[in-house]
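These are the residues of each chain, in order.
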Amino acid sequence: MSANLFEAIENGITCKDAPFMEAAGMAVAGGTEKSGGEKYSYGDMLALSGKYANALISLGIKPGDRIAVQVNKSPETLFLYLACLRAGAVYLPLNTGYTMDEVAYFLADAEPVLAICRPQVKDEFERLAARFGVKKVQTMSGAGSLAEIAEKSEARFKTAPRKADDLAAILYTSGTTGRSKGAMLTHENLTSNARVLRDYWQFTSDDILLHGLPIYHTHGLFVATNTVLLSGSSLLFMAKFDAAALCGLLPRATVMMGVPTHYHRLLALQEFKADVVRNMRLFISGSAPLSSEIHKEFSARTGHAILERYGMTETNMNTSNPYDGPRRAGTVGLALPGVELRIADAKTGHLLPQGQIGVIEVRGPNIFKGYWRMPEKTAAEFRPDGFFITGDLGYIDDQGYIHISGRDKDLIITGGLNVYPAEIEAAIDALPQVSESAVIGVPHADYGEGVTAIVALHPGGVIDEGAAREVLAKKLAAFKVPKRIITVDALPRNAMGKIQKKALREQYKNLFDNA
Ligand code: AMP
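Residues numbered from 1 in each chain as written. Predicted model: local features only at pLDDT ≥ 70, side-chain atom pairs only at ≥ 80, totals over all residues. Heavy atoms only, no water.

Participant: For the overall build of the protein chain, give the residues involved together with the corresponding values.
Facilitator: The helix and strand tally for the protein chain stands at 15 helices and 25 strands. Relative to a compact globule of 515 residues, whose C-alpha radius of gyration would be 24 Å, the protein chain shows 23 Å and is just as compact. The C-alpha extent of the protein chain, read off along each of the three principal axes, is 70 × 55 × 40 Å. Buried positions account for 58% of the 515 residues belonging to the protein chain. A fraction of 67% describes how many contacts in the protein chain between residues 6 or more apart in sequence connect residues 24 or more apart. For the protein chain, the exposed area adds up to about 21000 Å²; of that, 51% sits on carbon and sulfur atoms. For the protein chain, the distance from the average site of its 55 positive side-chain charges to the average site of its 56 negative ones is 3 Å. (Helix = DSSP H or I, 4+ residues; strand = E, 2+ residues; numbered from the N terminus. Rg over C-alpha atoms; globule rule 2.2 N^0.38 Å. Buried < 20%, exposed > 50% of the residue type's maximum accessible area, 1.4 Å probe, protein only. Contact = heavy atoms within 4.5 Å. Areas by Shrake-Rupley, 256 points an atom, 1.4 Å probe, with all protein chains shown as cover. Lys, Arg positive; Asp, Glu negative; His and termini not counted. Charge placed at Lys NZ, Arg CZ, Asp CG, Glu CD.)

Participant: For the domain arrangement of the protein chain, give the residues involved together with the corresponding values.
Facilitator: With domains assigned, the protein chain is organised as domain 1 (5-240), domain 2 (274-407) and domain 3 (411-507). When each unit is reduced to the centre of its C-alpha atoms, the spacing between domain 1 and domain 2 is 26 Å. The partner domain 2 presents 31 residues to the 36 residues of domain 1 that form the contact. When domain 1 packs against domain 2, close to 2900 Å² is buried across both sides, 58% of that on carbon and sulfur atoms. Here domain 1 is connected to domain 2 by three salt bridges. Residues Lys369 and Asp165 are paired through a salt bridge, measuring 3.8 Å at the closest nitrogen-oxygen approach. If you look at where domain 1 meets domain 2, you find 16 residue pairs in polar contact (both at pLDDT 80 or more). At the level of secondary structure, the elements contributing two or more residues to the side of domain 1 that touches domain 2 comprise helix H4 (100-110), strand E7 (167-172), strand E8 (182-186), helix H7 (187-200) and helix H8 (218-229). (Domains from an automatic or database assignment. Buried area = accessible area lost by both parts, 1.4 Å probe. Salt bridge = Lys/Arg side-chain N within 4 Å of Asp/Glu carboxyl O. Polar contact = N/O pair within 3.5 Å; in protein donor to acceptor, adjacent residues only side chain to side chain.)

Participant: Talk me through the nonpolar core; I want residue IDs and the actual numbers.
Facilitator: Phe20, Met45, Leu80, Tyr81 and Trp201 are the most contacted members of the largest nonpolar core, which has 87 residues in total. For this core, the element with the highest residue contribution is helix H3 (residues 75-87), accounting for nine residues. Shared between two domains, this core holds at least three residues of each, these being domain 1 (5-240) and domain 2 (274-407). With sequence-adjacent residues up to four places away left out, Trp201 is seen in contact with Val223, Met257, Arg281, Leu282, Ile284, Leu307, Arg309, Ser320 and Tyr323. (Core = buried A, V, L, I, M, F, W, Y, C linked by side-chain atoms within 4.5 Å.)

Participant: Please provide a residue-by-residue account of the environment of Ala169, values included.
Facilitator: Along the chain, the position of Ala169 falls in strand E7. Measuring from C-alpha to C-alpha, the distance between Ala169 and Ala89 comes to 8.1 Å, with 80 residues separating the pair along the chain. Each residue touching Ala169, except ones within four places of it in the same chain, is listed here: Val90, Tyr91, Ala183, Met184, Leu185 and Phe222.

Participant: Account for the site of the ligand, with residues named and values stated.
Facilitator: Residues in contact with the ligand amount to 17 residues; listed here are only the nearest, Glu308, Arg309, Thr313, Asp392 and Lys498. Contacts to the ligand include His217, whose side-chain N or O atom sits 3.0 Å from an oxygen atom. At a separation of 3.2 Å, a nitrogen atom of the ligand approaches a polar backbone atom of Ser287. Every element with two or more residues in the shell around the ligand is listed here: strand E13 (307-312) and strand E20 (402-407). Among the elements that make up the shell around the ligand, the one with the highest residue count is E13 (five residues). Residues that form the shell around the ligand fall into these classes: six nonpolar, six polar and five charged. (Near = heavy atom within 4 Å. Nonpolar A, V, L, I, M, F, W, Y, C, P; charged D, E, K, R; others polar.)

Participant: Outline helix H10 (residues 260-267), listing residues and values.
Facilitator: Among the eight residues of H10, six are classified as buried, and the element is accordingly described as predominantly covered. Buried within H10 we find Pro260, Thr261, His262, Tyr263, Leu266 and Leu267. If you follow the buried residues of H10, they end up packed against helix H9 (243-249), strand E11 (255-258), strand E12 (282-285) and helix H11 (292-302).

Participant: Give a detailed account of the packing of helix H1 (residues 5-12) against helix H2 (residues 42-58), specifying residues and quantitative values.
Facilitator: The contact between H1 and H2 brings their axes to 11 Å, and the two run at 150°. Put simply, H1 runs roughly antiparallel to H2. Seen from above, H1 lies across H2 with left-handed handedness. On H2, the residues that touch Phe6, Ile9 and Glu10 of H1 are Met45, Leu46 and Ser49. A breakdown of the residues in the contact of H1 with H2 according to their chemical character gives four nonpolar, one polar and one charged. (Axes fitted to C-alpha atoms, helices over the stretch in contact; angles between N-to-C directions. Parallel < 35°, antiparallel > 145°, perpendicular 65-115°, else oblique. Left-handed = near helix turned anticlockwise from the far one by under 90°.)

Participant: Got a sec to walk through H4? Specific residues and values, please.
Facilitator: Along H4, the residues classified as buried are Met100, Val103, Ala104, Phe106, Leu107, Asp109 and Ala110. Residues of H4 that are buried make contact with strand E3 (66-70), strand E4 (90-93), strand E5 (114-117), helix H5 (122-132) and E7. Immediately beyond the C-terminal end of H4, within one or two residues, lies Glu111, with a positive phi of roughly 45°.

So this is what it looks like as structure tokens:
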């Protein structure tokens, strides 16, 4: 039996007239700014993804071929993703922020058959294609583009059968350490996770998901879109995140998925009040830690407890706070149905007792097949019994809730003692003048690493370093108290709201040179 994710979507459609998507203030594929408001039903989604799939076939695409895509977010981009599924091709989305040097690495590594790009970089894409053996380059929009071929193509398309472990997509990890790796995701990985999320978060065809996330990343592409498609609900699709615009759309939505930065920015708006969320049933956060402060402030302002979940490109979603149970601030909830999760000693792999911090390991149908053309790297990150070593540190509390203590590589060892950044960040974020913080280890002649806090303050806030350290010393053991607290205007974050700790470590590497 075929396991193509798109067949699961097709089989679930009960009404072709049901709404699938409304483009809210979208820049459309042609590059011409439209006022937005274009509406697509499930029938339109079938027809348009069929047209794009036929266009791909006319370009010679066969099942298993990789298609690299670096284009702006638009409804057409989503139809292209679905067309790749239907044609049995492997979708390989690239962040539009990548430079040509970075694109060169991805094209050389992935060797796609076809690359789809924005018209303004076509010449550069063609030069790279010739160098790396990419057979064809096609612009998404404009004269002779894929959109133009699709428009002339037949809407009917028979979705290609795929096996459960055939690849649906390759997503490159954000690569904050070393080379970016291509995570190979199968049809089963995506289908099983979307089904679990749909049921766990109780999505129904009445839901309208406000979508302000990028669609080159697992969060906006799979978590948001696949969950909607498998529940027959619909998308209110924004070209990009803009807090004020999103706030204006909230009264029309029932669910929002965002990164913590989105919630932080919403809270900074005066017009963001309980009335705006009158039709909302659920706010979900992920991709980076949501501070307890944001959780509390959000709940005080709106009456909604943000539901925090945890996942990664390689694993899809692993845990979630409950829909119907307590959503605990500062935790990522419980392992999702079908996902096995355990805590082990990062070095020995021995399992740790409940309450102890170790590396989080996961197993289940959601876990990726491996890193593209990196068999050694893949083997090194799986235990012999099939558990994937996430590289995230955490522990399970006495209620079974999972807490994340930071990335393994961000662990600070000072004077031989382990300091987990998340614990220190939570204590600093609780200081009234602090808006957000990042705790890093910086080389220190005496301690090996000196605990260092980089903080951004609320508007008008001031912080006295000595006084703040004294307050922290009442809550934290002396070795955990930051040796320095440095104030900055804003913390460096990527588009998914992840703080760029590597950049901070580099920036402050000489901080303790004279210590
Ligand atoms: P990515 O592959 O870009 O989705 O990044 C995955 C990483 O983001 C995980 O390994 C975690 O380090 C982090 N992450 C995702 N969700 C959360 C969360 N709710 N809390 C803390 N960290 C998270």
